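Here are the chains, one letter per residue:
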Amino acid sequence: MSRRRMIYEGKAKILYEGPEPGTLIQYFKDDATAFNAEKKAVLDGKGVLNNRISEFLMTRLSAVGIPNHFIKRLNMREQLIKKVEIIPLEVIVRNVAAGTMSKRLGIPEGETLPRAIVEFCYKKDELGDPLVSEEHIAAFGWASQQEMDDIVSLALRINDFMCGLFSAVGIRLIDFKLEFGRHFEGEMVRTILADEISPDSCRLWDFETNEKLDKDRFRRDLGGVTEAYAEVARRLGIIKESAQGGDVIDFTSGMK
């Protein structure tokens, strides 16, 4: 078996050269980081859950017309994805005040915002991914105006869809981070959703109790991180109850 060529390693994923031109293999690690990687841990099973949850969400977004890089899941930890040129922005959609927004603006955590707010951060780890405006993005050429229009439109459509999807299983979508890339199709370039959508990149609270079911459990030393991720997967129907009363992940659902 030939050794695969690694293209990039991030905090939670590794990208390898894909089997065909224009493809990559995305591997989900168990590594957890917070505060720009100042806090680190390895959480057994986190990568498996994120792989499956992201597959579930990307597949359903494709079904409602949201273009994204997902092609198919290969195994417990890997996905086959389209190769894109990542736009150097983190796109954050907020429905409820939490995290840095609460700190910056003094809004109590948990307060519903008047409307969904889209924020942008410049993807630069050494700078701590600073918050930037559309004026910065235009001035420094990080994305064109057409790309920004596409990004905002897609982000709000994704938000509408995911709010409904999570609400149906008793989860409140507080906020989430997206990344987008340029997908080259011959002479055409299309802006598509990339990276992942999982409890690593979303704030997810139980509707009744406000229990956190996301990476904040790691950031805030609440414990039970993988258990919370598994609960999200269970509610989405990814994890099935076994005859013995335990949970098993359904690795056949959604395979192409």
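Up top is the structure.
This one's a predicted model, so the numbers in the text were calculated from it and none came from an experiment.

Our focus in this paragraph is the overall build of the protein chain. When its secondary structure is counted, the protein chain shows six helices and 16 strands. Relative to the globule expectation of 18 Å for 256 residues, the C-alpha radius of gyration of the protein chain, 18 Å, shows essentially globular dimensions. With the C-alpha coordinates aligned to their principal axes, the bounding extent of the protein chain is approximately 55 × 55 × 35 Å. Pairs at least 24 apart in sequence give 57% of the contacts found in the protein chain among residues at least 6 apart. In the structure as shown, the protein chain presents an accessible area of about 12,600 Å², 52% of it carried by carbon and sulfur atoms. Side chains of the protein chain carry 37 positive and 41 negative charges; the gap between the two charge centres is 2 Å.

Moving on, we come to the pairing of strand β2 (residues 13-17). In terms of burial, β2 is a largely internal element, four of the five residues being buried. Of the strand pairs in this sheet, strand β1 (residues 6-9) and β2 are connected by three bridges, and their pairing is antiparallel. When the bridges of β2 are listed, Tyr-8 appears paired with Leu-15. Connecting the antiparallel pair β1 and β2 is a turn made up of three residues. Sheet topology note: the β2/strand β3 (residues 23-28) ladder contains five bridges and is antiparallel. Across the sheet, the residue bridging to Tyr-16 is Ile-25, located in β3. In this antiparallel pair of consecutive strands, β2 and β3, the connection spans five residues, and Gly-22 shows a positive phi of 85 degrees.

Glancing now at the sheet that holds strand β6 (residues 70-73). Taken together, five strands build an open sheet; the order of strands is β1-β2-β3-β7-β6 and the sheet is antiparallel. Where the open sheet ends on each side, the last strands, each with one partner, are β1 and β6. Across this sheet, the average inter-strand angle for adjacent strands is 25 degrees, counted without regard to direction.

Ranked by size, the top nonpolar core spans 49 residues in total, and within it Ile-158, Met-162, Phe-166, Leu-178, Phe-180 and Ile-197 carry the most contacts. Elements supplying a minimum of two residues to this core: β4 (31-34), α1 (46-63), β9 (89-96), β10 (112-122), α4 (145-167), β12 (171-185), β14 (202-206) and α6 (225-235). Ignoring sequence-local partners within four residues, the contact set of Phe-180 consists of Ile-86, Ile-87, Val-91, Ile-151, Leu-154, Ala-155, Ile-158, Thr-191, Ile-192, Leu-193 and Ala-194.

All chains considered together, the criterion is met by two aromatic pairs. Between the aromatic rings of Tyr-122 and Trp-142, the centroid separation amounts to 4.0 Å while the plane-to-plane angle is 10 degrees, which identifies the pairing as stacked. Of this pair, Tyr-122 sits in strand β10 while Trp-142 sits in the loop between α3 (134-140) and α4; the two residues are 20 residues apart in sequence, bridging distant segments of the chain. Of the two residues examined, Tyr-122 and Trp-142, each falls in the buried class. Here a set of aromatic residues connected by ring pairs shows up, and it is made of Tyr-122, Phe-140 and Trp-142. The side chain of Arg-4 reaches across the aromatic face of Tyr-16, ending 4.2 Å from its centre. Lys-39 extends its terminal NZ or CZ atom over the ring of Phe-218, reaching a point 4.8 Å from the ring centre.

A few words on the pairing of β9. Along β9, eight of the eight residues are buried, which leaves the element largely enclosed by surrounding structure. Bridge analysis of β9 against β10 gives seven bridges, and the strand direction is antiparallel. Considered in β10, the bridge of Val-91 is made with Phe-120. When β9 meets β12, the two strands line up antiparallel, connected through four bridges. Across the sheet, Val-91 pairs through a bridge with Leu-178, a residue of β12.

How each quantity is defined
Residues numbered from 1 in each chain as written. Predicted model: local features only at pLDDT ≥ 70, side-chain atom pairs only at ≥ 80, totals over all residues. Heavy atoms only, no water. Helix = DSSP H or I, 4+ residues; strand = E, 2+ residues; numbered from the N terminus. Rg over C-alpha atoms; globule rule 2.2 N^0.38 Å. Contact = heavy atoms within 4.5 Å. Areas by Shrake-Rupley, 256 points an atom, 1.4 Å probe, with all protein chains shown as cover. Lys, Arg positive; Asp, Glu negative; His and termini not counted. Charge placed at Lys NZ, Arg CZ, Asp CG, Glu CD. Buried < 20%, exposed > 50% of the residue type's maximum accessible area, 1.4 Å probe, protein only. Pairing = 2+ DSSP bridges. Axes fitted to C-alpha atoms, helices over the stretch in contact; angles between N-to-C directions. Core = buried A, V, L, I, M, F, W, Y, C linked by side-chain atoms within 4.5 Å. Phe/Tyr/Trp six-rings, centres within 6.5 Å; stacked < 30°, edge-to-face > 60°. Lys NZ or Arg CZ within 6 Å of the ring centre and 35° of its normal.

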